[in-house]
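Descriptive structure summary
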Amino acid sequence: SQIANLPKPERGNRQAARRFNTDGLFFLQSGQIEAAIANFVQGNAQDPLDVELAANLGLALTKAGRATEAFAILRDALVIDPRRASTWAPLGEALALLGRKDEALAALWIGLQWTENRERAISFYAERAEKEREAAPALSELYAAMSSWAKGEAKPALRSLLPPR
């Protein structure tokens, strides 16, 4: 309810934003990260209320190693829709790259609670842990820990998300 009461951006030109999102996804999938970011930025300017586009921008920024920018975009995307499970994973990655391990794990755990396909999510965590082992050890560690939690081997300490008393 606290998130629901936060101010949201105004709806913009959704049709134009969706075109930029489609182009951005093409570039992201073909490994052209900077072109993807440019399209997502333009799309986000067209319609700041498009949560999918904002999440894609955050993901692309994370892939580009721009974790601080990604964190800000993804945080804002979650204000629009905190139930969007696919926004929580890139937020977790951005937090991990910023050295905020506990918050990163908590973000993945929250995303798991909103996912519609728990088994698919758990498989994704295991695959990412293996895939990132050499290139991004912090992300590999994040996903390995999340995989362990999701399989019931441990539970997260979500206290890192609570404000100090």
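Provided above is the structure to which this section pertains.
My aim in this report is to walk through the structure given alongside it, one point at a time.

1. Considerations on helix 4 (residues 67–80)
Helix length check: helix 4 (14 residues) gives 20 Å between terminal C-alpha atoms against 20 Å at 1.5 Å per residue, within 8%. When we look at burial in helix 4, the residues that qualify are A67, A70, F71, L74, A77, L78, V79 and I80.

2. Some details on the environment of F71
The topology assignment puts F71 in helix 4. Between the C-alpha atom of F71 and that of I33, which follows or precedes it by 38 residues, the distance is 17 Å. In contact with F71, not counting residues within four places along its chain, are L91, A94, L95, L98 and R100.

3. Section: the pattern of salt bridges
Taken as a whole, this structure holds twelve salt bridges when the rule is applied. We note a salt bridge from D50 to R18, for which the minimum N-O separation is 2.6 Å. Note that D50 is positioned in the loop between helix 2 (33–46) and helix 3 (51–63) and R18 in helix 1 (residues 14–29), a separation of 32 residues in sequence. Judged by relative accessible area, R18 falls into the partly exposed class, the value being 23%. For the salt bridge of E69 with R66, the shortest nitrogen-to-oxygen distance reads 2.9 Å. Judged by relative accessible area, E69 falls into the partly exposed class, the value being 39%. In the salt-bridge network here, residues are joined through shared partners; they are R14, R18, D50 and E52.

4. Here's the deal with the packing of helix 7 (residues 118–131) against helix 8 (residues 137–150)
Viewed as axis vectors pointing N to C, helix 7 and helix 8 meet at an angle of 145°, and their least axial separation amounts to 7 Å. Regarding helix 7 and helix 8, the two cross each other, and that crossing is left-handed. Here R118, I122, F124, Y125, A126, R128 and A129 of helix 7 lie close against helix 8, whose contacting residues are L139, S140, Y143, A144, M146, S147 and A150. Grouping the amino acids of the contact of helix 7 with helix 8 by side-chain chemistry returns ten nonpolar, two polar and two charged.

So, how was this worked out
- Residues numbered from 1 in each chain as written.
- Predicted model: local features only at pLDDT ≥ 70, side-chain atom pairs only at ≥ 80, totals over all residues.
- Heavy atoms only, no water.
- Helix = DSSP H or I, 4+ residues; strand = E, 2+ residues; numbered from the N terminus.
- Expected span 1.5 Å × (residues − 1).
- Buried < 20%, exposed > 50% of the residue type's maximum accessible area, 1.4 Å probe, protein only.
- Contact = heavy atoms within 4.5 Å.
- Salt bridge = Lys/Arg side-chain N within 4 Å of Asp/Glu carboxyl O.
- Axes fitted to C-alpha atoms, helices over the stretch in contact; angles between N-to-C directions.
- Left-handed = near helix turned anticlockwise from the far one by under 90°.
- Nonpolar A, V, L, I, M, F, W, Y, C, P; charged D, E, K, R; others polar.

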